[in-house]
Amino acid sequence: MNYKSLIINCQLIVALTLAFCGKAVADTHLISRIDVLDAWEYNYNASHWLEQGNLQNGAQMYGERDDIFITSLSDELVGADWIQTAFGSKHYDRHYVICYFKLKADAEIFIIHNDEIIVKPLWLRQDYREVDGKVTNSNGDTFSVFRREAKAGDLIELGQNVNIKEEGSKEPNMYIVAVKPLQPIVREMPTGKVFDVREFGAVGDGKTMNTNAIQAAIDKSNASGGGTVYIADGIYMTGTLVLKDNVTLWVDAGSILRGSQDANDYPAIRVSLPSFRQKEDFQLIFAEKKKNITITGGGIIDGNAIAYGRPWGGTNNEWQRPRLIRMFECENITVKNITLVRAANWVQYYEACSDMLFETVQIRAYTGVHNLDGLNLSGCRNVIVRDFTATTGDDSIVIKAMSMVPNENIYVDGLFSRYSNCHLFKIGTETHSAVRNLHLKNARGWARYSVSVQAVDGAVVEDILIENVELYSCSSPFFIRLGSRGRTFEGGPNPAPIAQMRNITLRNISNTGIRFVPDKAGPGVGALATGIAGHRIENLTIENGDFLLYGTRLSKDAIYREIPQNADRYPEFHTLGILPAYGIFFRHIDGLTVRNVRLRLLNEDIRPAIILDDVINYTLEGITYDLHPNSEPFPIWHMQDGEIKVEPWYQHPPRPWPWR
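Residues numbered from 1 in each chain as written. Predicted model: local features only at pLDDT ≥ 70, side-chain atom pairs only at ≥ 80, totals over all residues. Heavy atoms only, no water.

Participant: Outline the overall build of the protein, listing residues and values.
Facilitator: Counting its regular elements, the protein contains four helices and 42 strands. Whereas a compact globule of 660 residues would reach a radius of gyration of roughly 26 Å, the protein reaches 26 Å, a difference of no more than 12%. For the protein, the spread of C-alpha atoms along the three principal axes comes to 80 × 65 × 35 Å. Among the 660 residues that make up the protein, the fraction classed as buried is 62%. Working note: accessible area of the protein is about 23300 Å², and carbon and sulfur atoms make up 48% of it. Charge-centre separation for the protein: the mean point of 67 positive side chains lies 1 Å from the mean point of 78 negative side chains. (Helix = DSSP H or I, 4+ residues; strand = E, 2+ residues; numbered from the N terminus. Rg over C-alpha atoms; globule rule 2.2 N^0.38 Å. Buried < 20%, exposed > 50% of the residue type's maximum accessible area, 1.4 Å probe, protein only. Areas by Shrake-Rupley, 256 points an atom, 1.4 Å probe, with all protein chains shown as cover. Lys, Arg positive; Asp, Glu negative; His and termini not counted. Charge placed at Lys NZ, Arg CZ, Asp CG, Glu CD.)

Participant: With reference to specific residues and values, describe unusual backbone geometry.
Facilitator: For the bond running from G428 to T429, omega is 5°, close enough to zero to count as cis. Residue position: T429 is located in strand 30 (residues 425-431). N494 connects to P495 through a cis peptide bond whose omega is 5°. Looking at the secondary structure, you find P495 in the loop between strand 34 (478-482) and strand 35 (500-511). Even without being a glycine, R342 presents a positive backbone phi close to 50°.

Participant: An account of the sheet that holds strand 10 (residues 155-159) is requested, with residue identities and associated values reported.
Facilitator: Sheet strands pair via backbone hydrogen bonds, and the direction of the pair is either parallel or antiparallel. The strand order across the open sheet built from three strands is 1-6-10, with neighbouring strands paired in antiparallel fashion. The sheet terminates laterally at strand 1 (31-36) and strand 10, the two strands that pair on one side only. In this sheet, neighbouring strand axes are inclined to one another by 20° on average, regardless of whether the strands run parallel or antiparallel. Here five bridges tie strand 6 (residues 97-103) to strand 10, and the two strands are oriented antiparallel to one another. The residue bridging C99 from the neighbouring strand is L158, located in strand 10. (Pairing = 2+ DSSP bridges. Axes fitted to C-alpha atoms, helices over the stretch in contact; angles between N-to-C directions.)

Participant: Account for the pairing of strand 33 (residues 460-473), with residues named and values stated.
Facilitator: With eleven of 14 residues buried, strand 33 is to be regarded as a mostly interior element. By the bridge criterion, ten bridges tie strand 31 (residues 435-447) to strand 33 in an arrangement that is parallel. The partner of V435 across the bridge, within strand 33, is V461. Bridging between strand 33 and strand 35 involves ten bridges; their strand directions are parallel. Paired with V469 across the bridge in strand 35 is I509.

Participant: Kindly report on the pairing of strand 24 (residues 348-351), identifying the contributing residues and their values.
Facilitator: Covered by surrounding structure in strand 24 are Q348 and Y350 together with Y349 and E351, the residues of both alternating faces. Across four bridges, the pairing between strand 22 (residues 323-328) and strand 24 is parallel. Bridge assignment links F328 to a residue of strand 24, and that residue is E351. As judged from the three bridges shared by strand 24 and strand 26 (residues 375-378), these two strands associate in the parallel manner. Its bridge partner lying in strand 26, Y350 is registered against L377.

Participant: Can you lay out the pattern of salt bridges for me, pointing to particular residues and giving the numbers?
Facilitator: Evaluation of the coordinates by the stated rule reveals 41 salt bridges. Here K244 makes a salt bridge to D219, at a shortest N to O gap of 2.9 Å. Of this pair, K244 sits in the loop between strand 16 (241-242) and strand 17 (247-251) while D219 is found in helix 3 (residues 211-223), placing the two residues 25 residues apart along the sequence. Exposure remark for K244: the relative accessible area of 25% places this residue in the partly exposed category. Of the residues examined, D219 reaches a relative accessible area of 30% and is grouped as partly exposed. Residue R487 pairs with E430 through a salt bridge whose shortest N-O separation is 3.7 Å. You can see R487 sitting in the loop between strand 34 and strand 35 and its partner E430 sitting in strand 30, a full 57 residues away along the chain. Each member of the salt-bridge network shares a partner with another, and the members are R277, E280, E318, R323, K400, E430 and R487. (Salt bridge = Lys/Arg side-chain N within 4 Å of Asp/Glu carboxyl O.)

Participant: Before we move on, could you go through the environment of I176 and cite the residues and values that matter?
Facilitator: With respect to the helices and strands, the residue I176 is situated in strand 11 (residues 176-181). Look at I176 and you get buried, because its relative accessible area is 0%. Taking the C-alpha atoms as reference, I176 lies 50 Å from V460; in sequence the two are 284 residues apart. Ignoring anything within four residues of it in the chain, the contact list for I176 reads M61, Y62, I70, W82, I83, T85, F110, I111 and I112. (Contact = heavy atoms within 4.5 Å.)

Participant: I'd love a proper account of a negative patch on the surface, names of residues and values included.
Facilitator: On the surface, a cluster of negative charge is made up of D75, E76, E130 and D132. By the secondary structure assignment, E130 is in strand 8 (residues 129-137). (Patch = residues over 30% accessible without salt bridge, like charges linked within 9 Å, V, L, I, M, F, W, Y side chains within 5 Å.)

Participant: I'd like a description of the side chain of R607, backed by residues and values.
Facilitator: Inspection of the secondary structure puts R607 in the loop between strand 38 (584-601) and strand 39 (610-627). For R607, a relative accessible area of 1% translates into the label buried. At a separation of 3.4 Å, a polar atom in the side chain of R607 contacts the main-chain carbonyl oxygen of A581. Among the polar contacts listed, one links the side chain of R607 to the side chain of D605, at a separation of 2.8 Å. (Polar contact = N/O pair within 3.5 Å; in protein donor to acceptor, adjacent residues only side chain to side chain.)

Here it is, written out as structure tokens:
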């Protein structure tokens, strides 16, 4: 990367982070909106940065290492809010800044930095001054302490651990961060009837198992007509907790509710509603057929699944691994101002629930295992999701249809992903009932794949609007698939009917980066919107799009090869292999509008920009594209009818190769 590109990328990161750092979320009483950039494919560090209160001697120093503890701590640091970083974040080579957070009050910020690093990083030397006192750990390391003051509302940037280009710099353990207020602060407290788990025998020492004590507080709150179960000032270990009517679970800012790593602490709970996932029985927090439940407080709920899902594993064993939150047939659910980290399976799964609000929720759940979706909604209705941020090992937000209860009236406004190891947003894959009246807007982030709409197991997917989406990396700008995989489940239709898809609009979608995915057909896939023979998608609109494609296909074989239907295959952007168009391949559609769309190539490619195959009732206008001199047969080609003349003609002429 050249210097100019680095500056542009850094400016982009800062701009996105400033937009991202709005309302207070989770974190501690002083630290808010923590955003860890140390996340990308096969790098699991971000999930192990844990913000908490009450720094003490004996604290575990790094999120993913339970064998390194603080052994001595200067008096001024005792009791501070702090960030437990990841040992693996020794340095960060994508951008200068490794993490941002915002201050809630005027404070002193301390960086506790390893003495083995002789040449301190520039950001530390410039902004902080060394103070008296040392910190040591059980690994035999000694750390110096650096300090600065900052104001409430300041955006604090944490840089990489070392200057990797400087002589004498080593790369040992990561630093940690402590924050102390300059003036006493007022803590936000729950109101109404409060049931402090400590009064029921819970101990927040990070060791004591508190399942019975916390459950007793939940039961007492419910029996009293409702109230708040208060978890504060510590790390509280627990197994499965069952929430009940009119209960608020308040995990206080700076505190952690942490799941046990012992499978015996997760008793199987079988739900009554038939669904594709009915027999997956394990979770940390559970509710069935309950109402008026809230999860909030500003703290962290930690599934405690460390690198590669330890101790659960993570391949083809979803029925064994506990989800962080699972609710069935519940009403009036609020999840707000909370951070959810290190789930062993889906972070959140809600089936057949109604009247739901998710607001200011932060997810960090990418630990190297499969199935780490941030939010799964299935058969849910009347749902609002706002200000949702995620780093996930699978999709950030997924709308599924795994029972015969339809999804209806789902509104998502404000989705940001630092990294999604699959899709930023997806409808599918399991789609047995209906998904209708869904609106996603204002989504941004880095994703391994893209934005996807699927109907493959008999569902009717209709009235979908996805708009204002910015992808900063992806393998394909979008993927739309009507298929006939035909899965069913015990209690579901047998056989599954052919799915239907209609009234789908993608508006104001762009991607600024396109990536090589070697295990998914590699480069040159393009974007795809296709039904199946005899079953067309109805009324698809793509408008105001700016799409960067990978390209690289220089053989005519890619244009004229027989494209399989693969209707029963798992639906993914590479389902049909290398497409005959470098840009968008439309197939089996009745009613297509493509308006004001720009197609750009990263690499040389001779395929057409757009191909239509078995598409009727179409309108294409205002399309621009890159064009190779050897491109054939036409830049925009309908396989049955020949070249398509776009009216009005190009807003700008196509760019001939080379276009750099």
